[in-house]
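Examining the three-dimensional arrangement
Listed below, chain by chain, are the residues.
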Amino acid sequence: ANKCEALVEIGDDAACIFFEIWYTSSSSTIRGAAKGIAIELLEKYERHLLKPQSCKCKKCTSGARVEPDGKDLFMQLMYLVRCKEEMELDATEMIAAADALWREHDFATTSNIFGLGPADFCSVSDGDWVVLIMGIMIMEFNQLLFPRRWPLQWGLREAFTYFRTHAFKGPPYDEEYKFHDSFYLVTHIAFAVSAYSAIKTNAKDIPWLFDYNRRSCLYWVKLASRRLSGRRPDLLVDIDGLAEAVDVMRGCGLTDGGYP
């Protein structure tokens with residue numbers, strides 16, 4: 001009854017991770033394995049979200065389940081229906097649930113989906129922007145998969161326009177983690193531009209973004225070198241950040257051979 005505990009804690013990200021592996025890998029073997037895992041996780045998590053009476057997880061069977069609010073549930077469904085639609089799976093029940101939430105919470109007013117509007121962008125922290133930009137991206141993506149079903153009044157255009165005047169903190173690390181938050185916002189802007197590698201990007205199209213990404217990557221490589229040398233064995237090296245920086249480069253066709 002507790003086999004799905006980790007899945008429930010991770011949420012929709014669990015299935016989405018394996019969906020993205022299936023979506024982007026060039027290996028048919030990896031894609032096949034990832035798709036199988038994604039489908040299994042999608043089915044179990046859909047049951048948890050929409051049919052709790054049939055869910056065997058500890059939270060649902062013990063009565064400790066906390067129902068997500070309308071906005072959170074709707075956004076989770078947006079990520080999940082995208083996965084199902086792209087993998088040509090039946091998303092009828094998820095779509096129906098999303099439609100009901102759309103009407104109930106007046107999500108036709110886009111600011112109700114995200115809890116703010118473009119006039120509020122300047123008050124959003126870089127850390128909060130990471131989640132917000134991905135939410136806007138998936139809503140824009142679903143405009144293509146489900147035309148006119150969940151239309152937006154504003155979206156990535158307004159967000160990207162705002163970022164042209166936004167100040168991003170560069171390395172080194174600081175006690176308030178401003179560089180950390182700025183870096184992850186930059187990488188997620190890159191992911192939004194490419195729709196998670198669905199659209200090939202060109203570093204020349206957004207030179208400031210890729211320059212920031214490259215400088216951050218170089219910063220971590222230098223920190224890693226100092227740590228591995230033994231001079232600073234306790235030095236913090238953000239391996240996840242380094243991986244994201246490399247992923248951004250890979251997403252626009254850069255390789256270690258052609259872009260040392």
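Structure: above.
Residues numbered from 1 in each chain as written. Predicted model: local features only at pLDDT ≥ 70, side-chain atom pairs only at ≥ 80, totals over all residues. Heavy atoms only, no water.

**Digging into the overall build of the chain**
In terms of regular secondary structure, the chain is built from 12 helices and 0 strands. For 260 residues, the compact-globule estimate of 2.2 N^0.38 gives 18 Å, and the chain sits close to it at 20 Å. Expressed as lengths along the three principal axes of its C-alpha atoms, the size of the chain is roughly 55 × 40 × 40 Å. The buried share of the chain, reckoned over its 260 residues, is 45%. (Helix = DSSP H or I, 4+ residues; strand = E, 2+ residues; numbered from the N terminus. Rg over C-alpha atoms; globule rule 2.2 N^0.38 Å. Buried < 20%, exposed > 50% of the residue type's maximum accessible area, 1.4 Å probe, protein only.)

**Considerations on a nonpolar patch on the surface**
Residues Ile17, Ile21 and Ile30 make up a contiguous nonpolar surface patch of about 240 Å² in total accessible area. Relative to the assigned elements, Ile21 resides in helix H2 (residues 12-24). Residue classification places Ile21 among the partly exposed residues on the basis of a relative accessible area of 31%. (Patch = residues over 30% accessible without salt bridge, like charges linked within 9 Å, V, L, I, M, F, W, Y side chains within 5 Å. Areas by Shrake-Rupley, 256 points an atom, 1.4 Å probe, with all protein chains shown as cover. Salt bridge = Lys/Arg side-chain N within 4 Å of Asp/Glu carboxyl O.)

**Some points on the packing of H2 against helix H5 (residues 70-86)**
Their axes nearest at 10 Å, the elements H2 and H5 cross at an angle of 35 degrees. Regarding H2 and H5, the two cross each other, and that crossing is left-handed. Of H5, the residues touching H2 (which contributes Asp12, Ala15, Cys16, Phe19, Glu20, Trp22 and Tyr23) are Gln76, Tyr79, Leu80, Arg82, Cys83 and Glu86. Each residue belonging to the contact of H2 with H5 can be placed in one class, and the counts come to 8 nonpolar, 1 polar and 4 charged. (Axes fitted to C-alpha atoms, helices over the stretch in contact; angles between N-to-C directions. Left-handed = near helix turned anticlockwise from the far one by under 90°. Contact = heavy atoms within 4.5 Å. Nonpolar A, V, L, I, M, F, W, Y, C, P; charged D, E, K, R; others polar.)

**Focus on the nonpolar core**
Phe74, Met75, Met78, Trp129, Met139, Trp150 and Phe163 are the most contacted members of the largest nonpolar core, which has 78 residues in total. Residue contributions to this core peak at 10 residues, all from helix H8 (residues 126-145). Not counting residues within four places of it along the chain, the set of residues in contact with Met78 comprises Ala98, Ile138, Met139, Asn142 and Trp150. (Core = buried A, V, L, I, M, F, W, Y, C linked by side-chain atoms within 4.5 Å.)

**Remarks on H5**
Here H5 contains 17 residues, and its C-alpha end-to-end distance of 24 Å stays within 8% of the 24 Å for a straight helix at 1.5 Å per residue. In terms of burial, H5 is a largely internal element, 13 of the 17 residues being buried. Two or three places before Lys71, at the start of H5, stands the capping residue Asp69, its side-chain oxygen 3.2 Å from that residue's backbone nitrogen. Among the residues trailing H5, Glu88 stands out with phi positive, at a value near 60 degrees. (Expected span 1.5 Å × (residues − 1). Polar contact = N/O pair within 3.5 Å; in protein donor to acceptor, adjacent residues only side chain to side chain.)

**Quick look at the side chain of Lys84**
Among the secondary structure elements, Lys84 is positioned in helix H5. Classification of Lys84 by relative accessible area gives buried; the value is 7%. A distance of 3.1 Å separates a polar atom in the side chain of Lys84 from the backbone oxygen of Asp90. Residues within four places of Lys84 in sequence aside, it is in contact with Leu42, Glu46, Leu89, Asp90, Ala91 and Met94.

**Considerations on the packing of aromatic side chains**
As enumerated under the stated definition, the model contains 27 aromatic pairs in all. Between Phe163 and Phe168 the ring centres are 6.3 Å apart and the planes differ by 45 degrees, which places this aromatic pair in the tilted class. The pair formed by Phe163 and Phe168 is uniform in burial state, with each residue classed as buried. A cation sits over an aromatic face here: Arg82 above Tyr23, 4.8 Å from the ring centre. Lying across the ring of Phe141, Arg82 places its NZ or CZ 4.2 Å from the centre. (Phe/Tyr/Trp six-rings, centres within 6.5 Å; stacked < 30°, edge-to-face > 60°. Lys NZ or Arg CZ within 6 Å of the ring centre and 35° of its normal.)

**Section: the environment of Phe18**
In this structure, Phe18 sits in helix H2. Phe18 sits 208 residues away from Arg226 along the chain, and the two C-alpha atoms are 34 Å apart. Not counting chain neighbours up to four residues away, the residues in contact with Phe18 comprise Ala34, Ile37, Ala38 and Leu41.

**Quick notes on the environment of Glu104**
Among the structural elements, Glu104 can be located in helix H6 (residues 92-104). For Glu104 and Pro147, which are 43 residues apart along the polypeptide, the C-alpha to C-alpha distance reads 20 Å.

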